[in-house]
Amino acid sequence: MKVLVAIKPVPNPDERVKVSADGHSVVLENVKMVVNPFCEIAVEEALRIRDGLGGGEVVVVTVGSPSADPQLRTALAMGADRGILVSAEGPLDGFAVARLLRRVVDDEAPDLVLLGKQAVDDDNNQVGQILAALLGWPQATFVSRIEFVDGGARIRVDRETDAGLETIGLPLPAVVTTDLRLNEPRYASLPGILKARKKEVRVVDAAAAGVDLAPKVRVLAFEAAKGRKGGRIVADAAELVRLLRDEAKVLG
Amino acid sequence: MTADILVVVEHLEGAFRTSTRSAITAAHVLSSLAGGEVDALVLGEGVSAVAETVASFGVRRVLHADAPVFARYLAVPYAAAVAQAVRENGYGAVMAPATTFGKDFMPRLSGLLDAPLASDIVGLAIDGGELRVRRPMFAGNVIATVSMSGVPLLFTVRQTAFDAALPSGTRAPVIPFAPVVDAGGTRFIGRTETKSSRPELTDARVVVSGGRGVKAAENFSLVERLADRLGAAVGASRAAVDAGWAPNDWQVGQTGKVVAPELYIALGISGAIQHLAGMKDSKVIVAVNKDPEAPIFQVADYGLVADLFKAVPEIIAELEAIPTR
Ligand SMILES: Cc1cc2nc3c(=O)[nH]c(=O)nc-3n(C[C@H](O)[C@H](O)[C@H](O)COP(=O)(O)OP(=O)(O)OC[C@H]3O[C@@H](n4cnc5c(N)ncnc54)[C@H](O)[C@@H]3O)c2cc1C
Ligand SMILES: Nc1ncnc2c1ncn2[C@@H]1O[C@H](COP(=O)(O)O)[C@@H](O)[C@H]1O
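Remember, predicted model here, so these are calculated numbers, not experimental data.

### Some points on the sheet that holds strand 4 (residues 38-44) of chain B
Strand pairing in a sheet relies on backbone hydrogen bonds, with the paired strands running either antiparallel or parallel. All names here are of chain B. Ordered in space as 7-11-6-1-4-5-12, the 7 strands form an open sheet in which the pairing is parallel. Every interior strand has two partners, whereas the edge strands, strand 7 (117-121) and strand 12 (174-176), have only one. Each neighbouring strand pair of the sheet contributes to a mean axis angle of 25°, computed without reference to strand direction. As judged from the 3 bridges shared by strand 5 (residues 61-66) and strand 12, these two strands associate in the parallel manner. In the strand pairing of strand 12, His64 is matched with Pro176. Most of the contacts of helix 3 (residues 75-89) go to strand 4, to which it runs at about 145°, and overall it touches strand 1 (5-8), strand 4, strand 5 and strand 6 (93-97). In the packing of helix 4 (residues 102-113) onto the sheet, the strands contacted are strand 1, strand 6, strand 7 and strand 11 (153-157), and the crossing angle to strand 6 comes to about 160°.

### Points about the site of ligand 1
Near ligand 1, the surroundings consist of 29 residues, among which Arg212, Ser237, Gln251, Ser270 and Asn289 of chain B are the closest. Residues close to ligand 1 are split across chains A and B. Between ligand 1 and Ser237 of chain B, the relevant distance is 2.6 Å, taken from an oxygen atom to a side-chain nitrogen or oxygen of the residue. Asp307 of chain B places a side-chain nitrogen or oxygen 3.1 Å from a nitrogen atom of ligand 1.

### Comments concerning helix 8 (residues 308-321) of chain B
Residues and elements named next belong to chain B. The end-to-end C-alpha distance of helix 8 is 19 Å, a good match for the 20 Å that 14 residues give at a rise of 1.5 Å each. Buried within helix 8 we find Leu308, Ala311, Val312, Ile315, Ile316 and Leu319. The buried residues of helix 8 occupy an angular sector of 135° when projected down its axis, which confines them to one face. In helix 8, those exposed residues whose orientation departs by more than 90 degrees from the buried face are Lys310, Glu320 and Ala321. Capping of helix 8 at its N-terminal end is provided by Asp307; its side-chain oxygen lies 2.8 Å from the backbone amide nitrogen of Phe309.

### Some remarks on the domain arrangement of chain B
All names here are of chain B. Taken domain by domain, chain B consists of domain 1 (5-176) and domain 2 (206-321). Opposite the 6 residues of domain 1 that make contact, domain 2 presents 7 residues. Between domain 1 and domain 2 the total buried area reaches about 550 Å² when both faces are included, carbon and sulfur atoms providing 55% of it. When the area that domain 1 buries against domain 2 is broken down by residue, the three leading residues are Ala139, Arg158 and Thr160, summing to 73%. Viewed at the interface, domain 2 and domain 1 are joined by 1 residue pair in polar contact (both at pLDDT 80 or more).

### Side note on the environment of Val149 of chain A
Residue and element names in this part refer to chain A. Mapped onto the fold, Val149 is located in strand 9 (residues 139-149). On the accessibility criterion, Val149 (15% relative accessible area) is buried. Between the alpha carbons of Val149 and Gly169 there is a distance of 8.9 Å; along the sequence they are 20 residues apart.

### Overview of the nonpolar core
The tendency in soluble globular proteins is for nonpolar side chains to be buried side by side. Residues and elements named next belong to chain B. Of all hydrophobic cores here, the largest spans 43 residues; its most connected members are Leu30, Met95, Val133 and Phe155. With 6 residues, the top contributor of residues to this core is helix 1 (residues 19-34). Excluding its chain neighbours within four sequence positions, the residues that come into contact with Val133 are Ala118, Ile121, Gly123, Leu124, Ala144, Thr145, Val146, Met148 and Phe155.

Procedures and definitions
Residues numbered from 1 in each chain as written. Chains lettered and ligands numbered in written order. Predicted model: local features only at pLDDT ≥ 70, side-chain atom pairs only at ≥ 80, totals over all residues. Heavy atoms only, no water. Pairing = 2+ DSSP bridges. Helix = DSSP H or I, 4+ residues; strand = E, 2+ residues; numbered from the N terminus. Axes fitted to C-alpha atoms, helices over the stretch in contact; angles between N-to-C directions. Contact = heavy atoms within 4.5 Å. Near = heavy atom within 4 Å. Polar contact = N/O pair within 3.5 Å; in protein donor to acceptor, adjacent residues only side chain to side chain. Expected span 1.5 Å × (residues − 1). Buried < 20%, exposed > 50% of the residue type's maximum accessible area, 1.4 Å probe, protein only. Arc of directions from axis to C-beta. Domains from an automatic or database assignment. Buried area = accessible area lost by both parts, 1.4 Å probe. Core = buried A, V, L, I, M, F, W, Y, C linked by side-chain atoms within 4.5 Å.

Next comes the structure, spelled out in structure tokens:
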């Protein structure tokens, strides 16, 4: 089984980002870049599939600036076999990323492509599904369990939907996006980190892919969302209920 | 842009989902800004009642495909059918709710139609003759203004950002639509539905949520007792869902559901950025947490620093003391 995992570097999700004074950008200086948490879950799942099925290969790919090398190395240190960095300048939208990933899928011919359900910086939740359409492959999003059936020809997955868990079956090759409960990603071990330094990372130039990278969706401006002011601390349950009834008027 | 707008209707095997009503409102906002009529599309099998419901919400007409391939929602045939509706009718825009329904097939539709998709939109405007779309990023801490190029324009709509469309008093015609699609080997197998007589989390006037502070699955009954006293829906933090104390569809937050009720009560929830992303637009926020430093108090209108196991029964008792009208 060959699994391709698409990963994206994002600013540490627990830090609050700021908008630049001119509103043209989000200030990322001093914010640590990490692997998007949903992508980490995808890497972990790929490793479990490879090791559980007793073989195969896990290839990780990222699209964008070469500054993503540390995040690719993180995935390699977790245990992925090799990496691909599709180097591209300037802002890319989800569609452009999907087009470039499609080229990588054409080259690598994986049985399964795993992506995060959403990148926690842009919160787009798009790339996996667009890629599936471009490939003409089936898709399963928001996946919290993957099981191989029919001798590995198909998968059966649980999806976290707004109406509870749903199970669907689909043939391989397929595109799957991960949800939080799929697994708990491992930490890279020290030997893993040392090994990762020597693993292959092939750098390819996006321009060579010969695809249209012009964004279909372009960010023109950013603004900080309106904050909320904390209110008052109440003494006890009685005061709370009284205020909810008489001041906030939200009871009944 | 004066081409027409198509709203794809969400239902769960025949149960109309109100998320669609916000998408219809967003479509009417777009129509008022850029022209075009609003149609709705219902895909399903034996769900003509859904088509009839939608016909009352002020749309021009309802396209209705009734076929076994749509008996259960699946992204592959859904996206293909919507693509066909767009090709046949020349829609200039397609809208669907930003739920796990719309978020699943709309990007696939984008890939099929080579069309731009703005996810989870919270606003639409015209500036210098150009459409400007507002959408949250970075767990809702940043609002981006985006432009889109290509046709049709695709949008998933954040339910809390657009009022639910109301019945218009008229009834739009329902027109049969017969897309030629198949599921391509994808099969629906089953669903573990969280059955509940409580209101839907995303529609509820009051939401009571529990977090890691609730400490055990059985203690969630305390959260539920308060919720039931208030006629509220129950929510949870990621920590509570991860621990298996609450089902996945109770998760409120950046990567769960976004809610904006009149009253949101957070019990034993610290107030991580990712949780706030899903509830900070609530009208009134109450937090009960034993840690006075918990960040949730920075957004709460009323904070109670207390052990929830002591405070929640007291709150329930106080509520019971209020004479019912
Ligand atoms: C990629 C990603 C996506 C995420 N998405 C979401 C999301 O959508 N929604 C979400 O909620 N989180 C999400 N998170 C997780 C988020 O970062 C926090 O970890 C989570 O919200 C914490 O849940 P909590 O507040 O219940 O737990 P904790 O942070 O552990 O807080 C528990 C609180 O309970 C209080 N407490 C303990 N005992 C009592 C008691 N007896 N009485 C009163 N108070 C008590 C404590 O003081 C503490 O403040 C996400 C994280 C990541 C990385
Ligand atoms: N630049 C990128 N390079 C590689 N994978 C990406 C990139 N952007 C997004 N992805 C993948 O697509 C998923 C969803 O991202 P998004 O649609 O942007 O929210 C991410 O979790 C990644 O798996």
